Amino acid sequence: MSSSSAPAHFLPNLEPNQVQWGKYMIQVYVGQKGPEPLGTVVFNEIEEKAKDKLKDYPGAFLYAGGSAGTCATEHANTSYLRSLRIIPRMLKPTNTRSLSTTLFGFRYPSPILLAPIGVQGTFYAEGELAPARAAGKLGVPFVCSTASTRTIEHVARANDEFAKIVPSEKGDGSPDPTKGAVWNLSLINKQSEGALAPRWYQLYWPIHDSVTSSLLSRAKASGYTTLVITLDTMTLGWRPHDLERSYLPFGLGVGIEIGRSDPVFMALHNRKPTADYEPPFPYLPSDILAMARGLKGTEQEQAKAKEDAFVGQAWLAESNSGTYRGWDDLDFILKEWEGPVVLKGIQSVRDAEKAVEVLMKDGREGGIIVSNHGGRQVDGAIPSILALQRILSSKKVQEARNPLPGSNKKKFHVLFDSGIRTGSDILKAVMLGADAVLIGRPYVYASILGGQAGVEQVIQHLLADLEITMGLSGWDSLDEVRGKGLKSVLASVKGDMKGEMVGVDDGEEVEILIKVDC
Ligand SMILES: Cc1cc2nc3c(=O)[nH]c(=O)nc-3n(C[C@H](O)[C@H](O)[C@H](O)COP(=O)(O)O)c2cc1C
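Remember, predicted model here, so these are calculated numbers, not experimental data.

Chemist: Provide a residue-level description of the overall build of the protein chain, including the pertinent values.
Modeler: Across its full length, the protein chain holds 21 helices and 14 strands. Looking at the protein chain as a whole, 53% of its 518 residues qualify as buried. Sequence separation of at least 24 residues holds for 73% of the intrachain contacts in the protein chain that already meet a minimum separation of 6.

Chemist: Could you give an account of the environment of Gly294, naming the residues involved and the relevant values?
Modeler: Note that Gly294 resides in the loop between α12 (285–292) and α13 (299–319). Take Gly294: there are 12 C-beta atoms within 10 Å of it, and that puts it in the exposed class. C-alpha separation for the pair Gly294 and Ala305, spaced 11 residues apart in sequence, amounts to 9.1 Å.

Chemist: Run through the packing of helix α5 (residues 129–138) against helix α6 (residues 152–161), naming residues and quoting values.
Modeler: Close contact between α5 and α6 brings their axes to 6 Å; oriented N to C, the two are set at 40°. It follows from the interaxial angle that α5 and α6 lie oblique. Two packed elements cross with a definite hand, and for α5 against α6 that hand is right-handed. Here Leu129, Ala132, Arg133, Ala135 and Gly136 of α5 lie close against α6, whose contacting residues are His154, Val155, Ala158, Asn159, Asp160 and Glu161. Each residue belonging to the contact of α5 with α6 can be placed in one class, and the counts come to five nonpolar, three polar and three charged.

Chemist: Can you tell me about the site of the ligand, naming the residues and giving the values?
Modeler: The environment of the ligand is formed by 25 residues, the closest being Ala115, Gly118, Ser145, Gly374 and Gly440. At the level of secondary structure, the elements contributing two or more residues to the shell around the ligand comprise α3 (58–65), β11 (436–439) and α19 (441–472). Taken together, the residues of the shell around the ligand sort by class into 10 nonpolar, 11 polar and four charged.

Chemist: Break down the nonpolar core for me, citing the residues and quoting the values.
Modeler: Leu388, Ala429, Ala434 and Val437 are the most contacted members of the largest nonpolar core, which has 134 residues in total. The leading source of residues in this core is α19, at 14 residues. Beyond its immediate stretch of four places on either side in the chain, Leu388 contacts Val370, Phe416, Ala429, Leu432 and Ala434.

Chemist: Go over helix α16 (residues 384–392), please, and point to the residues and values.
Modeler: Of all nine residues that make up α16, eight are buried, and the element is covered over most of its length. For α16, every residue scored as buried is listed here: Ser384, Ile385, Leu386, Ala387, Leu388, Gln389, Ile391 and Leu392.

Chemist: Would you mind going over unusual backbone geometry in detail, with residue names and values included?
Modeler: A cis amide bond links Glu36 to the next residue, Pro37, at an omega of 0°. With respect to the helices, strands and loops of the structure, Pro37 is situated in the loop between α1 (23–31) and α2 (43–53). For the bond running from Phe281 to Pro282, omega is 0°, close enough to zero to count as cis. In this structure, Pro282 sits in the loop between α11 (263–268) and α12. A positive phi angle, near 65°, is found at Cys71, a position not held by glycine. Its location among the elements puts Cys71 in the loop between α3 and α4 (72–83). Since 17 C-beta atoms lie within 10 Å of it, Cys71 is described here as partly exposed. Backbone geometry at Leu91 places phi at a positive 50°, although glycine is not the residue there. Within the secondary structure, Leu91 is located in the loop between β1 (84–86) and β2 (101–103). The exposure class of Leu91 is exposed, given the 5 C-beta atoms found within 10 Å.

Rules and cut-offs
- Residues numbered from 1 in each chain as written.
- Predicted model: local features only at pLDDT ≥ 70, side-chain atom pairs only at ≥ 80, totals over all residues.
- Helix = DSSP H or I, 4+ residues; strand = E, 2+ residues; numbered from the N terminus.
- Buried ≥ 20, exposed ≤ 12 C-beta atoms within 10 Å, placed from the backbone.
- Contact = placed C-beta atoms within 7 Å.
- Axes fitted to C-alpha atoms, helices over the stretch in contact; angles between N-to-C directions.
- Parallel < 35°, antiparallel > 145°, perpendicular 65-115°, else oblique.
- Left-handed = near helix turned anticlockwise from the far one by under 90°.
- Nonpolar A, V, L, I, M, F, W, Y, C, P; charged D, E, K, R; others polar.
- Near = placed C-beta within 6 Å.
- Core = buried A, V, L, I, M, F, W, Y, C linked by C-beta atoms within 7 Å.

Quick look at the structure:
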């Protein structure tokens, strides 16, 4: 833990519901240097710069930037989001604004999480460690991917490095969900004594239950509180950019550190786990392949490359096996993981309703992430924000999301990702009813350009943009606006822009979000 050496940053020592993200904008103006270190706050420019920085390793950039098939779903994700428009309201005193967000009973300072992203060590030397540090520092939950280039334990340590302990308002030291005190996780999860930052673990579902149990117990021991199970990637989607280059780092032993460090998985292959492996950066697949084929390097390097490829292919067969599962298979995981379970990759109303049934039985907490993996799996799938709109209009999902009587605690949460690029995108998702959103490519590109500082900047500028846009639109808290846009958008879609564009909520007119043709 190196909290004493943590660089000063703009966040005052406030409770999560008092954090003033909008101050970032003033800092940029006052600093007279523009937004550092990325030099821009525009997503497309950050993307272009990241592409340029990795120009000698185009496979690495295209693995992040490319999507399935024609990229139609990736583009639809952002264009449909853009087609939703906010109707700002005036003369509303939005002087004290709060982005604080409650998830599974705990209050976070903002509604964003860093999405699980695999093989980050091919984009930036420090891989997952840099964004995990940035997230811990700003109180944003980091979701660690099973396809990470660092172990579950290394990511957890990095995540705690710059985290602050936010004191509970309750005298007895226990967290007070209504008043903040969020990211001292040793208070939340007794098994993770000492953990400071909020983190979730994302599972690519192994074929052996013994391996699944081992991963889950490691995640619990390292302070991950919530389990995300990704359902849309039982196998990789059809990705032309990667196919053209036969680009698959896992097969050459990169992006498999969680497998390589797992005692149960390695024992299945008569091997010992290794926890101190650092993947090479830059990742040069042709060199590794040549070594694995005995065409290059020393004998030692060749033996290592062969071994890496063997373990890599075994881990791929274990965790992206192409074995499709059914709903009943979730029972095993629900028995193994006592905390909240969140299903990622839900796009249909029926699946969302089924998730309510399966996850909520026995009074558990759970949720879904409405996501199409950033358009990387099913080309031609509907835009994720349209899926969110449809899912949230289900009565069954709405009922599951009602707070428990006499408290503000919800048992079922609906999160959203795929296409978020700006603060206003986040506001729209929340207006439709999302509890929180996950950010994918924006933070990947920021880490390529600026490592930890780059990721911090992207988080800060998204949240500043969100807070400012929310205030200018006439709202002072996300809790106030959450879900109010659903009816007005549905009404506008029905009215096809010619007729009514006004929804009615509890007898009161609600006119805050409409759909327009771009
Ligand atoms: C390079 C890359 C790697 C990803 N790896 C994973 C992963 O390991 N597990 C997972 O559940 N989702 C993964 N995703 C999907 C993200 O979690 C998220 O759903 C997606 O990036 C959101 O869309 P956006 O990039 O438009 O924000 C990955 C996405 C990208 C771009």
